[in-house]
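# Summary of structural features
As a plain string of letters, each chain reads:
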Amino acid sequence: MTEQTQRVFSGVQPTGNLHLGNYLGAIKRFVEMQDSYECIYCVVDMHAITVWQDPQELSRNTREVTAAYIAAGIKPDEHIIFNQSQVPQHAELAWIFNCVARMGWLNRMTQFKDKAGKNAENSSVGLYAYPNLMAADILAYRATHVPVGEDQKQHLELARDIAQKFNNDFSKSIKQAGFKDGFFPQPEPLILGEATRVMSLKDGSKKMSKSDPSDLSRLNLLDDAETIARKVKKARTDPDALPSEPKGLDGRPEAANLVSIYAALSDQTTADVLNEYGGQQFSVFKPALVDLAVEKLGPMGAEMKRLMDDKTYIDGVLAKGGEQARAIAEPIMDNVKRIVGFIRAK
Ligand code: TYM
């Protein structure tokens, strides 16, 4: 096992309101990786509970993310789709990483500061230690590539630091266990496409987010055509026409956001889109964006709804995926325990 298999791992939290940012920044990329890599896609229910979740909603949202994966085009017969809590190695490795990562490293995590806000004292310990669990998710499979949106970059850097510190701290026993080049790989973030940071439709300086109290700030994957049209029409813009070149979007965050959404949905570059729409007003561009969004999201949303009604199928996919994931993570975790010096029965 000294050879490192090229392996993709990524995850989405089942916290409801799956939106266009999740699709363009992550799920659409997951779909594209399937032809070149062995892929493991996780619904990270253990991450979700770092903030209290209604248990029924958590189950529903777990099925929603699973349905989105499949409706977007991830093939559960060829790759692994599962929910995190079905594979105990995530929590086991996270504990070891709690003992590898340094407080100073976690204190720098901007997502914790954003989520905890002024109320850090009252946040769960899990929310603080969350990035260690995320590192464990990836490294429990010794995954090498991690497609994510821009906002996860810092967490990926932390995962790399943890992998490296583990390899250094235990270098002697790693060699004794027969691994010549360290045990964990340095997982590489793949932040790809034209929409790696989709912004709120109401405020071009804020990320599109599941937790924004205004539903008008985002396009949800389950929105119907009428809702998509209403939200795009109401999206904030500026009074100017679209520029003909990308640098004309500097200082125009709302315009830049809508153009990059159009580009990502139509598999074009921003420059291509401006080639076509440069000089046009939003009164022309917005209806074109509505048509495109309805064309791309409509069928996917309908398929998600159909799948979510078939709980037996969804839960079956997660159970089979969980079994396959455990088969990969178990021997890796056995080696971790040996490397750390834990005595095992077998
Ligand atoms: P989560 O659930 O917040 O988001 C899921 C994915 O969607 C991307 N994303 C966005 N991309 C572009 N624009 C946006 N506005 C936008 N909002 C969200 C995220 O970058 C992410 O790729 N910590 C992760 C989940 C996770 C994970 C992992 C990811 C847990 N373990 C291991 C990769 C590997 C999270 O909270 O994502």
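Note that the coordinates shown come from a computational prediction; the quantities given were computed from them, not determined experimentally.

## Quick word on the domain arrangement of the chain
- Along its sequence, the chain is organised into domain 1 (7-196 + 311-340) and domain 2 (215-306).
- For domain 1 and domain 2, the distance between their C-alpha centroids amounts to 30 Å.
- Taken residue by residue, the interface counts 14 residues in domain 1 and 18 residues in domain 2.
- Together, the buried faces of domain 1 and domain 2 total about 1400 Å²; carbon and sulfur atoms form 71% of this surface.
- Notably, a salt bridge pairs Asp267 with Lys28, separated by 2.6 Å at the nearest N-O pair.
- Looking at which element gives the most residues to the side of domain 1 that touches domain 2, the answer is helix 3 (residues 55-72), with five residues.
- Partitioned by chemical class, the residues of the side of domain 1 that touches domain 2 number nine nonpolar, two polar and three charged.

## Quick word on the side chain of Thr144
- With respect to the helices, strands and loops of the structure, Thr144 is situated in the loop between helix 7 (125-139) and strand 4 (145-147).
- Note on Thr144: relative accessible area 10%, which makes it buried.

## Concerning the environment of Ile49
- By the secondary structure assignment, Ile49 is in the loop between helix 2 (45-48) and helix 3.
- Through-space distance from the C-alpha of Ile49 to that of Tyr262 is 34 Å; in sequence the pair is 213 residues apart.

## Some points on the pattern of salt bridges
- A complete count under the given rule lists 19 salt bridges for this structure.
- Put simply, Glu38 and Arg7 hold a salt bridge, and the shortest N to O gap is 2.9 Å. Of this pair, Glu38 sits in strand 2 (residues 38-43) while Arg7 sits in strand 1 (residues 7-12); the two residues are 31 residues apart in sequence, bridging distant segments of the chain.
- A relative accessible area of 31% places Glu38 in the partly exposed class.
- Judged by relative accessible area, Arg7 falls into the buried class, the value being 11%.
- Put simply, Lys28 and Glu32 hold a salt bridge, and the shortest N to O gap is 3.7 Å. In this pair, Lys28 and Glu32 both sit in helix 1 (residues 20-33), four residues apart, roughly one turn of the helix.
- For Lys28, a relative accessible area of 10% translates into the label buried.
- Through salt bridges with shared partners, one network takes in Lys28, Arg29, Glu32 and Asp267.

## Topic: empty space enclosed by the protein
- Inspection of every chain in the model, using the stated rule, returns one cavity of 30 Å³ or more.
- Approximately 70 Å³ is the volume found for the largest cavity.
- What lines the largest cavity is Leu106, Met109, Gln111, Phe112, Lys115, Leu127, Tyr128, Tyr130, Pro131 and His155.
- Residue assignment for the lining of the largest cavity shows that the elements contributing at least two residues are helix 6 (110-116) and helix 7.
- Residues that form the lining of the largest cavity fall into these classes: seven nonpolar, two polar and one charged.

## A look at the layout of surface pockets
- Considered as a void within the structure, the largest pocket measures approximately 1300 Å³ in volume.
- Forming the boundary of the largest pocket are 48 residues, of which Gln111, Lys115, Asp151, Gln152 and Lys207 lie nearest the centre.
- Of all elements in the fold, only strand 1, helix 1, helix 2, helix 3, helix 6, helix 7 and helix 8 (153-169) reach the threshold of two or more residues within the lining of the largest pocket.
- For the lining of the largest pocket, the residue count by class is 14 nonpolar, 23 polar and eleven charged.
- Each pocket or cavity is described by its volume, and for the second largest pocket that value is around 170 Å³.
- Around the second largest pocket, the lining residues are Met46, Thr50, Ala91, Ala94, Trp95, Asn98, Val125, Gly126, Ala129, Tyr130, Asn132 and Leu133.
- For the lining of the second largest pocket, the elements supplying multiple residues, two or more each, are helix 4 (89-98) and helix 7.
- Sort the elements by how many residues they give to the lining of the second largest pocket and helix 7 lands first, with six residues.

## Thoughts on the site of the ligand
- Around the ligand there are 28 residues in total, and Tyr130, Asp137, Asp151, Val198 and Lys210 lie nearest to it.
- At 3.1 Å, a backbone N or O of Gly21 approaches a nitrogen atom of the ligand.
- Contact with the protein chains hides 97% of the accessible area of the ligand, taken as 720 Å² for the molecule alone.
- Using a 2 Å cut-off from the grid points, one finds that the ligand occupies the largest pocket.

## Observations concerning the nonpolar core
- Ranked by internal contacts, the top residues of the largest apolar core, which has 62 residues, are Tyr23, Leu24, Tyr69, Ile261 and Phe285.
- Top element by residues in this core is helix 13 (residues 282-308). It accounts for twelve residues.
- There are two domains that each give this core at least three residues, and those are domain 1 (7-196 + 311-340) and domain 2 (215-306).
- Those residues within four positions of Tyr23 in sequence are excluded, and the remaining contacts are Lys28, Ala72, Leu221, Leu265, Leu297 and Met300.
- In this structure, Ile40, Val87, Met134 and Phe183 belong to the second largest nonpolar core, which totals 49 residues.

The rules we used
- Residues numbered from 1 in each chain as written.
- Predicted model: local features only at pLDDT ≥ 70, side-chain atom pairs only at ≥ 80, totals over all residues.
- Heavy atoms only, no water.
- Domains from an automatic or database assignment.
- Contact = heavy atoms within 4.5 Å.
- Buried area = accessible area lost by both parts, 1.4 Å probe.
- Salt bridge = Lys/Arg side-chain N within 4 Å of Asp/Glu carboxyl O.
- Helix = DSSP H or I, 4+ residues; strand = E, 2+ residues; numbered from the N terminus.
- Nonpolar A, V, L, I, M, F, W, Y, C, P; charged D, E, K, R; others polar.
- Buried < 20%, exposed > 50% of the residue type's maximum accessible area, 1.4 Å probe, protein only.
- 1 Å grid on protein atoms, 1.4 Å probe; cavity = no way out; pocket = protein on both sides within 12 Å on 5 of 7 lines; lining within 4 Å.
- Points joined across faces, edges and corners; volume = space filled by probe spheres on them.
- Near = heavy atom within 4 Å.
- Polar contact = N/O pair within 3.5 Å; in protein donor to acceptor, adjacent residues only side chain to side chain.
- Areas by Shrake-Rupley, 256 points an atom, 1.4 Å probe, with all protein chains shown as cover.
- Sits in = over half its atoms within 2 Å of the grid points.
- Core = buried A, V, L, I, M, F, W, Y, C linked by side-chain atoms within 4.5 Å.

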